[in-house]
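Structure assessment
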Amino acid sequence: QKVRTCLAEAGITFKAIHKVLPSSGSFETKTAEYLRINPAGTVPTLVHKGHPVYESHEQIKYIEKNLLPEGISLSPKDPEQFGEMLKLVDDSSMILSSEAFSDPPSFLRRRFGNCLGPMTFPLFCANITLHMTLSTVITEYVTMIPFVSDMKMIVMTVVFFFFGPQGFRKLTMLGKAASSVHKAIEYHMEKLETLLKKNDGPYIFGDEYTLADIGYVPIFQRMEYARWWPVLKGRFPLVHKYWKAIQSRPGYIASKPDQEMERKLLACGRLIDDWKKDNPIIKSIYAGKSVEN
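Predicted model only: the values in this text are computed from it and were never measured.

1. Notes on the overall build of the protein
Counting secondary structure elements, the protein contains 16 helices and 2 strands. Restricting to contacts in the protein with at least 6 residues of sequence separation, those with at least 24 account for 65%. Summed over all atoms, the accessible surface of the protein reaches about 15,000 Å², with 56% contributed by carbon and sulfur.

2. Brief notes about a nonpolar patch on the surface
Together, Leu 134, Ile 138, Val 142, Ile 145, Phe 162 and Phe 163 line one region of the surface with nonpolar side chains, adding up to about 520 Å² of accessible area. Within the secondary structure layout, Phe 162 lies in helix 9 (residues 152-163).

3. Points about the pattern of salt bridges
Counted by the stated rule, this structure contains 11 salt bridges. For the salt bridge of Glu 186 with Arg 235, the shortest nitrogen-to-oxygen distance reads 2.4 Å. Of the two residues, Glu 186 sits in helix 11 (residues 172-199) while Arg 235 sits in the loop between helix 12 (211-225) and helix 13 (237-247), which places them 49 residues apart along the sequence. For Arg 235, a relative accessible area of 34% translates into the label partly exposed. Between Lys 276 and Asp 273 there is a salt bridge; the shortest N-O distance is 3.7 Å.

4. So, the packing of helix 1 (residues 2-10) against helix 12
Where helix 1 meets helix 12, the closest approach of the two axes is 8 Å, and the angle between their N-to-C directions is 140°. Judged by the angle between their axes, helix 1 and helix 12 are oblique. The element helix 1 and its partner helix 12 pack so that their crossing is right-handed. Taken together, the residues of helix 12 that come into contact with helix 1 (itself represented by Lys 2, Thr 5, Cys 6 and Glu 9) are Leu 211, Ile 214, Gly 215, Val 217 and Pro 218.

5. Digging into helix 11
Between its first and last C-alpha atoms helix 11 spans 41 Å; for 28 residues at 1.5 Å apiece the expected length is 40 Å, and the two agree. If you look at helix 11, its biggest bend is around 35°, right at Val 181. Backbone geometry just downstream of helix 11 places Asp 200 in the positive-phi region, at approximately 60°.

6. Focus: the packing of aromatic side chains
Counted according to the given criterion, the structure contains 13 aromatic pairs. With centroids separated by 6.0 Å and ring planes inclined at 90°, the aromatic side chains of Phe 220 and Tyr 242 adopt a geometry described as edge-to-face. Here Tyr 242 lies in helix 13 and Phe 220 lies in helix 12, a separation of 22 residues in the sequence. For Phe 220, a relative accessible area of 0% corresponds to the buried category. Ring pairs connect the aromatic residues Phe 112, Tyr 216, Phe 220, Trp 229, Tyr 242, Trp 243 and Tyr 252, which therefore count as one cluster. The positively charged end of Arg 249 is found above the aromatic ring belonging to Tyr 209, 3.9 Å away from the centroid. One residue, Lys 276, lies across the ring of Tyr 286, its end atom 4.7 Å from the ring centre.

7. Quick look at the nonpolar core
Core analysis: the largest hydrophobic core is formed by 83 residues, its most contacted members being Phe 112, Met 119, Phe 168, Met 189, Ile 204, Phe 220 and Met 223. Looking at this core, the element that brings in the most residues is helix 11, giving 10 residues. Those residues in contact with Met 119 that sit more than four places away from it in its chain are Phe 112, Val 181, Ile 185, Ile 219, Arg 222, Met 223, Ala 226 and Trp 228.

8. Observations regarding the side chain of Lys 2
Relative to the helices and strands, Lys 2 is located in helix 1. For the buried Lys 2, no salt bridge exists, and the shortest N-O distance to an oppositely charged side chain is 8.4 Å, to Glu 55. Looking at Lys 2, its side chain comes within polar contact range of the main-chain oxygen of Ser 92, at 3.4 Å. If we skip the residues at most four places from it in the chain, Lys 2 touches Ser 56, His 57, Ile 60, Ser 92, Ser 93, Ile 214, Gly 215 and Pro 218.

9. What about unusual backbone geometry?
Note on backbone geometry: most residues besides glycine have negative phi, and most peptide bonds are trans. In this model, Lys 49 sits at a positive phi of 55°, which is unusual for a non-glycine residue. If you trace the backbone, Lys 49 turns up in the loop between strand 1 (46-48) and strand 2 (51-53). For Lys 49, a relative accessible area of 80% translates into the label exposed. Phi is positive for Phe 236, which is not a glycine, with a value near 55°. Take Phe 236: its relative accessible area is 7%, and that puts it in the buried class.

10. A word on the state of the cysteines
Evaluated as defined, the whole model comprises 0 disulfides. Cys 125 provides the cysteine sulfur closest to Cys 115, a residue in no disulfide bond, and the two sulfurs are 19 Å apart.

11. Remarks on the environment of Trp 229
Relative to the helices and strands, Trp 229 resides in the loop between helix 12 and helix 13. We classify Trp 229 as buried; its relative accessible area is 7%. Spatially, the C-alpha atom of Trp 229 lies 31 Å from that of Thr 136, the residues being 93 residues apart in sequence. When residues no more than four places from it in sequence are discounted, the contact partners of Trp 229 are Met 189, Phe 220, Met 223, Glu 224, Val 239, His 240 and Trp 243.

Rules used in this analysis
- Residues numbered from 1 in each chain as written.
- Predicted model: local features only at pLDDT ≥ 70, side-chain atom pairs only at ≥ 80, totals over all residues.
- Heavy atoms only, no water.
- Helix = DSSP H or I, 4+ residues; strand = E, 2+ residues; numbered from the N terminus.
- Contact = heavy atoms within 4.5 Å.
- Areas by Shrake-Rupley, 256 points an atom, 1.4 Å probe, with all protein chains shown as cover.
- Patch = residues over 30% accessible without salt bridge, like charges linked within 9 Å, V, L, I, M, F, W, Y side chains within 5 Å.
- Salt bridge = Lys/Arg side-chain N within 4 Å of Asp/Glu carboxyl O.
- Buried < 20%, exposed > 50% of the residue type's maximum accessible area, 1.4 Å probe, protein only.
- Axes fitted to C-alpha atoms, helices over the stretch in contact; angles between N-to-C directions.
- Parallel < 35°, antiparallel > 145°, perpendicular 65-115°, else oblique.
- Left-handed = near helix turned anticlockwise from the far one by under 90°.
- Expected span 1.5 Å × (residues − 1).
- Bend = angle between axes of the 7 residues up to and from the residue.
- Phe/Tyr/Trp six-rings, centres within 6.5 Å; stacked < 30°, edge-to-face > 60°.
- Lys NZ or Arg CZ within 6 Å of the ring centre and 35° of its normal.
- Core = buried A, V, L, I, M, F, W, Y, C linked by side-chain atoms within 4.5 Å.
- Lys, Arg positive; Asp, Glu negative; His and termini not counted.
- Polar contact = N/O pair within 3.5 Å; in protein donor to acceptor, adjacent residues only side chain to side chain.
- Disulfide = S-S within 2.5 Å.

Rendered as C-alpha cells:
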C-alpha cells in the first residue's frame, strides 16, 4: 500500500497487476512467470523500464529519486531532516531476521514495520474463518506442499481453518509473537507521539508530507482492519490526529483496496470485535497477555 500511496501522491500513472497472496488463498506469487521477475516471490514488485525493485521501502525511495514530476517533493528540505526521514522509512519497514524467532519482543521493538505480521495474525485467522472453504484449503494449500520450501503459511492456514483462534495455542511461536505485539505497538506509538509533538504536525516534519509519513500508511491501515485502534482509544492523541490527516490525502484514498476486498476486511474486523468480547485467546492477545493455558 505504501507504494500505491507514493505513486498516487506524485501523480504518477502506473499499470497495476494484482497478485493473490498465499494468505488470501492463492500461490500466484510462486508461479514460474512471477519468480522470473522476483525470485523471492514477494509483493509488491516495482518494474520501471524493465528494472525490478523488490522491497517496498526501497521502491518508495526509488520513486522519490527517479520518478517524481518536476515541482513535486516527498522529502523534507532540511538536509538533517532528510537523514531522519530515511531512518523513519527504515523504521516502518518489515525486515525479517533470526531475532524474529529467537527474541520476538526485541524484534518487534526494533522497527514498527516488524509488528505488521503479528498484528495481522488475528485478521488472518478471521479471514480463514469467514472466507476459506475446505475445498480451497485442499486445492490451493495442501496440493502445494511438494512445491514450496517454506511451509509456515500452509501450516498456519490449515491450523486456523480447523481450530480458529485456538490455533494460537497449537502454534506456540505464533501465540508468543501475537501476545508480544501489543506492548510493541504501544512502544512505537509513544515514539511517534513524541516526534509529532516536537515537530508540531500535522505530519512528521510539520507541513511537509514525506516518505516518512507514507511509510506508516500500511501499518496504520492494518491496525484499522485488525481492530487495534480501539484498544488504544484515548491514548496517543497526536498520532490519532496524524492518521486522520493522512486519511484525507488523495494518495491514501487512491491506495485503498477495491470494494470487494474492503468488504471482506471489514467483515473480518467485525468478527475480531466479537472474539474480543467472548474468546479468551483473542482477548489475551489484544490485552498483551500470554495465550497459553
